[in-house]
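Examining the three-dimensional arrangement
Each chain is listed here by its residues.
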Protein chains: 2
Amino acid sequence: MLGLMQNWPLTVDKILDHAKAWHGDREIVSRSVEGPIVRSTYAQSHERAKRLSNALKSLGVQHGDRVATLAWNTARHLEVWYGIMGIGAVCHTLNPRLFAEQLCYIVNHAEDRIIFTDLTFLPILAENAAKMTSVKHFVVLTDREGMKGVSLPNALCYEDLIEQHSPDVTWGGFDETSPAALCYTSGTTGNPKGVLYSHRSNFIHTLATMSVDVLGISGMDTVLPVVPMFHANAWGLALSCPAAGAKMVMPGQKLDGASIHELLETERVTFSAAVPTVWQMLLAHLRDTRGSLTTLKRVVIGGSAVPEAIVRGFRDEFGVDVTHAWGMTETSPLGTIAQPSGAMLDLSPEQLLQAKLKQGRTPFTMEMKITDDAGNVLPHDGTTFGRLKVKGPYVVGQYFKGEGGEILDETGFFDTGDVATIDATGFMQITDRAKDVIKSGGEWISSIEIENIAMGHPKAANAAVIGAPHPKWDERPVLLVKLRDGVEGTKEEFLAFLEGKIAKWWTPDDVVFVDDIPLGATGKIDKKLIRDRMKDYVLPTARTPVGA
Amino acid sequence: MLGLMQNWPLTVDKILDHAKAWHGDREIVSRSVEGPIVRSTYAQSHERAKRLSNALKSLGVQHGDRVATLAWNTARHLEVWYGIMGIGAVCHTLNPRLFAEQLCYIVNHAEDRIIFTDLTFLPILAENAAKMTSVKHFVVLTDREGMKGVSLPNALCYEDLIEQHSPDVTWGGFDETSPAALCYTSGTTGNPKGVLYSHRSNFIHTLATMSVDVLGISGMDTVLPVVPMFHANAWGLALSCPAAGAKMVMPGQKLDGASIHELLETERVTFSAAVPTVWQMLLAHLRDTRGSLTTLKRVVIGGSAVPEAIVRGFRDEFGVDVTHAWGMTETSPLGTIAQPSGAMLDLSPEQLLQAKLKQGRTPFTMEMKITDDAGNVLPHDGTTFGRLKVKGPYVVGQYFKGEGGEILDETGFFDTGDVATIDATGFMQITDRAKDVIKSGGEWISSIEIENIAMGHPKAANAAVIGAPHPKWDERPVLLVKLRDGVEGTKEEFLAFLEGKIAKWWTPDDVVFVDDIPLGATGKIDKKLIRDRMKDYVLPTARTPVGA
């Protein structure tokens with residue numbers, strides 16, 4: 001026996017249909033790549049997305065074909081997403097911050113047939129087009145005027161395409177498990193791997209994030225997604241904003257403090273989302289210019305751990321609530337968010353702030369656990385840390401083309417590669433990447449915890465901690481410090497600074513001063529490169545005494 | 001090609017699993033049918049629900065079998081729901097307000113194997129048990145002490161059952177389209193018809209209602225569902241509260257103003273939901289006792305149109321926001337809710353209040369349209385009214401056992417049987433039931449609009465408007481008035497009262513004073529019965545002149 005409710009497949013074309021039908025006049029305001037601010041509405045962008053679907057069909061795109069975008073957050077980029085997904089093709093977001101070599105690898109691995117690109121990225125495409133063997137067309141997200149300087153062979157003009165095709169096209173009508181979008185992981189180990197989202201997974205993620213305790217986007221909100229659509233799907237905002245009927249403000253390529261501040265104020269933004277760096281730039285700008293935030297109420301921060309100073313700065317100086325979130329490409333991306341739960345009703349503002357520095361709790365529909373290496377579930381005591389594993393309708397089941405083989409454990413959980421604690425209120429805190437955690441005498445030491453404290457030293461510009469081989473303890477921590485320009489420092493003063501802030505046995509066996517702490521494509525410390533550079537390094541505590 | 005995200009069926013057992021794992025200590029507080037306030041937690045009720053699942057299995061219940069409840073809102077009732085649904089059996093909620101004959105019809109039609117009942121309903125069951133031929137067991141929701149006075153043959157004790165069985169049972173593992181719950185419509189025409197919800201439909205309804213712009217239940221909330229679990233699923237609160245980790249306060253059978261007020265205050269309730277009658281009783285109680293509402297922030301009202309006086313009373317006297325909602329058994333039930341949208345940002349508080357008296361806008365995942373009799377879509381102008389039709393993942397596709405045949409139109413929409421307008425902001429307002437709308441000269445007249453105005457006459461205790469046959473106009477409205485005790489009224493003064501408040505051609509052709517305006521099981525005016533009583537009535541405007 002089956003239930004007798006309607007068969008209504010969860011396909012994402014219904015999101016923009018809903019926005020058009022019920023919030024047709026709500027705006028999408030973009031800082032265009034050409035320069036001026038341009039305004040569209042859900043009704044207009046819906047029509048343009050439909051025209052684009054017909055254009056794609058005329059270019060031979062079929063159900064399941066991959067069509068890529070290399071673009072900033074603009075209304076055009078949004079239209080392209082829905083135009084692709086509406087007809088069952090797969091929208092593949094390319095990260096322009098990747099090295100050319102990786103970009104080519106990804107395009108070819110995905111077998112992208114078309115790349116939609118902003119003017120910004122024409123040079124890199126011109127240089128590498130020949131290596132992108134599957135690509136038949138490049139479409140430049142501009143008008144005829146903008147095409148004048150374009151020298152890329154066979155490049156098509158987006159506005160021409162839109163104009164040439166009718167909006168009369170059927171969206172949806174396929175199974176909800178059809179693929180909708182593709183995004184490659186940054187690939188700190190091995191080649192980048194593709195996560196192939198389904199319509200169903202994107203749809204359920206959208207519903208889950210719309211909950212008041214998750215992102216809680218309302219139709220009354222004006223949302224500025226600073227987080228790029230090529231970075232973990234802009235945390236789903238390109239789907240949840242139209243679903244909620246929120247006004248969208250798209251920042252284009254200008255993510256500096258002054259440009260973001262201008263949009264926040266002129267467009268009366270109430271909600272925004274970005275990585276910590278962007279918020280740091282905005283805070284600095286506001287302080288420099290004695291600026292204020294008159295409409296902004298909430299910002300969500302993710303991508304890397306949020307520094308306490310940002311949370312306090314926004315709260316105390318600008319009356320803005322900062323919410324910390326965690327996720328990854330493999331989780332669509334929202335995995336946890338630091339929204340207080342019923343268990344935290346009696347916390348003081350200061351206790352709440354400390355809690356909100358953690359990555360937070362898992363939304364309904366996401367299962368989560370921490371385990372030891374043998375897979376045993378570890379307690380939610382806030383101190384025991386273990387491998388962070390997740391399961392749910394928008395968690396990756398396998399990578400595109402089966403890369404990496406079986407990636408779920410025997411209970412169906414995906415190992416995030418992060419190491420974390422979970423406390424009694426259910427709040428999760430990332431303590432390290434599994435491959436960066438230092439295993440000393442059978443116990444785990446969090447490299448991130450030590451480096452975060454070390455970065456607080458006034459002389460430190462940046463810091464990193466890695467495990468170095470040790471004959472007795474297996475591994476011992478070593479602290480790498482990049483000093484601020486023009487200052488000098490000693491091993492002793494850094495070790496003294498850590499004293500009392502970490503367990504004694506966590507104290508690094510050495511401090512090494514370096515000229516550079518390398519960062520990866522997503523702005524995180526590239527520990528793989530650091531380990532490569534340090535491969536011949538020997539700990540002083542591990543050195544064979546001279547003459548022994 | 002398919003997306004490569006995890007296969008994670010949307011089954012409702014995962015809701016209570018989530019509550020146990022992440023909000024295990026949050027309370028479910030019940031006013032027990034035996035009298036005292038009793039306290040449970042999600043972790044405890046999860047264990048008890050699992051024990052119940054084993055008890056059901058021991059009684060022979062299998063996947064798809066119907067198990068009924070005839071019970072008030074309590075933690076035990078909640079446990080029974082999850083205990084039934086977790087193993088793939090169907091939870092059939094019975095409405096104790098139905099006449100015994102209808103109750104027997106429904107039990108037999110559903111082929112219920114077991115009925116879980118509160119002590120309250122033992123008399124009606126004792127009297128009718130013999131007619132409920134499919135029922136093998138009655139389980140009384142009480143402990144051994146409470147069983148002492150129970151004379152129902154073969155009645156089992158709930159607490160005994162729970163105690164006798166282990167909590168070790170597997171929930172879920174079946175397809176998400178499996179049936180989860182069954183609820184019969186009140187059946188104003190013909191026999192009651194069953195709506196068979198699936199796990200999927202209940203799950204998606206839960207996610208949709210958790211959105212900030214729908215019910216927006218947070219883990220920080222304490223929710224008092226006055227609306228019964230047997231009435232349109234308590235608007236999904238038995239699912240959305242555990243999903244959100246909200247504390248639940250279950251009122252049992254005492255829904256009077258004093259009892260509800262006591263719970264609201266002692267349990268620090270922040271959110272509640274009920275039909276207008278309950279709120280009217282609460283308002284009266286608060287005014288009589290000079291009581292206050294110190295924690296309540298929001299109430300949702302549905303079931304019938306919300307009177308303006310209630311909205312103003314709660315807002316102005318008690319600082320509580322009233323939100324109007326509309327739905328039906330066939331829509332799981334939430335169809336629309338009067339949450340302001342982006343199009344209403346500039347409304348004044350008074351304009352907003354007027355807007356909030358409408359039934360509101362449709363949540364994302366629900367499609368809605370109004371059409372004329374030929375199925376043509378009518379404009380969203382706030383004045384044109386037409387048949388209200390809906391479509392979505394938690395809208396009925398067909399009734400249980402195919403009763404009523406094909407119920408969707410050729411575009412897959414379900415005709416709600418309501419007549420409504422939709423305005424430019426997307427707010428829907430019910431103007432009538434389709435079968436009650438008066439068709440005069442090819443145009444429609446809203447019976448509800450006229451009777452609502454007539455009820456405002458100081459001499460009216462109640463009023464109803466029906467269409468009476470007319471040789472020229474097909475139908476013309478006739479107003480039935482029940483006068484307040486001891487007053488007298490005339491046709492002329494009622495017609496004069498309507499003048500200027502409705503279009504001239506809407507003016508009733510006659511006013512008939514009656515002793516009784518009959519109400520149906522759900523408290524609405526029973527127009528079918530009125531039409532039966534008036535079947536020999538002839539309009540003065542339709543009478544053949546004497547001697548003609």
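Throughout what follows, the structure given in this document is the object of discussion.

Criteria and thresholds
- All residue numbers here refer to positions counted from 1 along the written sequence of the relevant chain.
- The order in which chains are written sets their letters, starting at A; the order in which ligands are written sets their numbers, starting at 1.
- The predicted origin of the model limits local features to residues at a pLDDT of at least 70 and limits the giving and counting of side-chain atom pairs to 80 or more, whereas totals for whole chains, interfaces and linings rest on all residues.
- With hydrogens and water stripped out, all remaining heavy atoms of the structure feed into the side-chain values.
- For helices the rule is a DSSP run of H or I covering at least 4 residues; for strands it is a run of E covering at least 2, with both sets numbered from the N terminus onward.
- Just to be clear, the radius of gyration here is over C-alpha atoms, and the globule rule we use is 2.2 Å times residues to the power 0.38.
- A simple rule labels every residue: compare its accessible area, found with a 1.4 Å probe on the protein chains alone, to the largest value its type can have, and call it buried under 20%, exposed over 50%, or partly exposed in between.
- Pairs of residues are marked as contacts when any of their non-hydrogen atoms sit within 4.5 Å.
- Note: two strands are recorded as paired if DSSP finds a minimum of 2 bridges between them.
- Axis definition: a line fit to C-alpha positions, over the contact stretch in the case of helices; interaxial angles, taken between N-to-C directions, run 0 to 180 degrees.
- Among the buried residues, those of types Ala, Val, Leu, Ile, Met, Phe, Trp, Tyr and Cys that are joined through side-chain atoms within 4.5 Å form a nonpolar core.
- We superpose the copies by least squares over the C-alpha atoms of residues that have a pLDDT of at least 70 in both of them.
- Using a 1.4 Å probe, buried area is obtained as the accessible area two parts lose upon being combined, added over both of them.
- Each salt bridge in this description consists of a side-chain nitrogen of Lys or Arg and a carboxyl oxygen of Asp or Glu lying within 4 Å of one another.
- For the purposes of these results, a polar contact is taken to be a pair of N or O atoms within 3.5 Å, where, inside protein, one atom must be able to donate a hydrogen and its partner to accept one; residues adjacent in sequence count only when each atom of the pair is a side-chain atom.
- Under the scheme applied, nonpolar residues are Ala, Val, Leu, Ile, Met, Phe, Trp, Tyr, Cys and Pro; charged residues are Asp, Glu, Lys and Arg; polar residues are all the others, including Gly.
- Orientation labels follow simple angle bins: below 35 degrees gives roughly parallel, above 145 gives roughly antiparallel, 65 to 115 gives roughly perpendicular, and whatever is left gives oblique.
- In a left-handed crossing the near helix is turned counterclockwise from the far helix by less than a right angle, and in a right-handed crossing that turn is clockwise.
- Any two rings among Phe, Tyr and Trp, with Trp reduced to its six-membered ring, count as a pair given centres within 6.5 Å; such a pair is stacked if its planes are under 30 degrees apart, edge-to-face if over 60, and tilted if neither.
- Counting as a charge over the ring demands two things of the Lys NZ or Arg CZ atom: a distance within 6 Å of the ring centre and an angle within 35 degrees of the ring normal.

With respect to the overall build of chain A
Counting secondary structure elements, chain A contains 16 helices and 24 strands. Relative to the globule expectation of 24 Å for 548 residues, the C-alpha radius of gyration of chain A, 24 Å, shows essentially globular dimensions. Taking the principal axes of its C-alpha atoms as reference, chain A extends roughly 80 × 60 × 55 Å. When the 548 residues of chain A are sorted by exposure, 61% land in the buried category. Across chain A, contacts joining residues at least 24 apart in sequence account for 67% of those joining residues at least 6 apart.

Details of the sheet that holds strand E15 (residues 334–337) of chain B
Residue and element names in this part refer to chain B. Here we have eight strands laid out as an open sheet, ordered E2-E1-E11-E10-E12-E13-E14-E15, and mixed in their pairing. Two strands in the sheet have a free side with no partner beyond their single neighbour: strand E2 (37–41) and E15. Each strand axis lies, on average, 20° off the axis of its neighbour in the sheet, ignoring direction. Note: strand E13 (residues 298–301) against strand E14 (residues 321–327), four bridges, orientation parallel. Paired with Val 300 across the strands is Thr 323, a residue of E14.

So, the nonpolar core
Judged by nonpolar contacts, the single largest core of 180 residues is most densely connected at A:Phe116 and B:Phe116. Each residue touching B:Phe116, except ones within four places of it in the same chain, is listed here: B:Leu52, B:Leu56, B:Val67, B:Ala68, B:Thr69, B:Leu70, B:Val80, B:Val139, B:Leu141 and B:Tyr158. With 32 residues, the next largest nonpolar core counts B:Val33, B:Leu98, B:Met132 and B:Ala155 among its residues.

What to know about the relation of the copies chain A and chain B
For these two chains of identical sequence, chain A goes onto chain B by a turn of 180° and a shift of 0.1 Å along the axis, with RMSD 0.2 Å. Accordingly, the operation relating the two chain copies is best matched by a two-fold axis.

Overview of the sheet that holds strand E10 (residues 222–225) of chain A
Hydrogen bonds between backbone atoms are what pair the strands of a sheet, whose relative direction is either parallel or antiparallel. Residue and element names in this part refer to chain A. With respect to topology, eight strands assemble into an open sheet ordered E2-E1-E11-E10-E12-E13-E14-E15, the strand pairing being mixed. The sheet terminates laterally at strand E2 (37–41) and strand E15 (334–337), the two strands that pair on one side only. Ignoring which end each strand starts from, the neighbouring axes of this sheet average 20° apart. Sheet topology places strand E12 (residues 271–274) next to strand E13 (residues 298–301); four bridges connect them, and they run parallel. Its bridge partner lying in E13, Ser 272 is registered against Val 299. Against the sheet, helix H9 (residues 237–244) touches E10, strand E11 (247–250) and E12, its axis set at about 150° to E11.

Looking at the interface of chain A and chain B
In this complex, chain A contributes 77 residues to the contact, which on the side of chain B involves 77 residues. Looking only at chain A, the three residues that lose the most surface to chain B are A:Met5, A:Trp22 and A:Phe364, adding up to 17% of its buried area. Put simply, chain A and chain B have two salt bridges between them. Between B:Glu176 and A:Arg200 there is a salt bridge; the shortest N-O distance is 2.7 Å. Inspection of the region where chain A meets chain B yields 29 residue pairs in polar contact (both at pLDDT 80 or more). Elements that contribute at least two residues to the side of chain A that touches chain B include exactly helix H1 (13–23), strand E9 (194–198), helix H8 (199–210), H9, strand E16 (367–371), strand E17 (386–391) and strand E18 (414–422) of chain A. The dominant element in the side of chain A that touches chain B, judged by the number of residues it contributes, is H8(A), at eight residues. Its residues assigned to classes, the side of chain A that touches chain B shows 39 nonpolar, 27 polar and 11 charged.

Comments concerning the environment of A:Gly386
On the secondary structure map, A:Gly386 appears in strand E17. When the C-alpha atoms of A:Gly386 and A:Leu78 are compared, they prove to be 38 Å apart, with 308 residues separating the residues in sequence.

Re the packing of helix H11 (residues 308–318) of chain B against helix H12 (residues 349–356) of chain B
If you want to describe how two helices pack, look at the angle between their axes and the distance between the axes. All names here are of chain B. Contact geometry for H11 and H12: axes closest at 10 Å, N-to-C directions at 135°. Judged by the inter-axis angle, H11 sits oblique to H12. Crossing angle aside, the handedness with which H11 passes H12 is right-handed. Where H11 approaches H12, its residues Glu 308, Val 311, Arg 312 and Arg 315 are matched on the opposing element by Pro 349, Glu 350, Leu 353 and Gln 354. Across the contact of H11 with H12, the residue classes break down as three nonpolar, one polar and four charged.

Side note on the packing of aromatic side chains
Scanning the entire structure with this criterion turns up 22 aromatic pairs over all chains. Between the aromatic rings of B:Phe385 and B:Trp444, the centroid separation amounts to 6.3 Å while the plane-to-plane angle is 40°, which identifies the pairing as tilted. With B:Phe385 in the loop between strand E16 (367–371) and strand E17 (386–391) and B:Trp444 in strand E21 (residues 443–445), the pair connects residues that are 59 residues apart, well separated along the chain. An aromatic cluster of at least three residues, connected via ring pairs, comprises A:Phe385, A:Trp444, A:Trp505 and A:Trp506. Looking at A:Lys50, its charged tip hangs above the ring of A:Trp171, at a distance of 5.0 Å from the centre.

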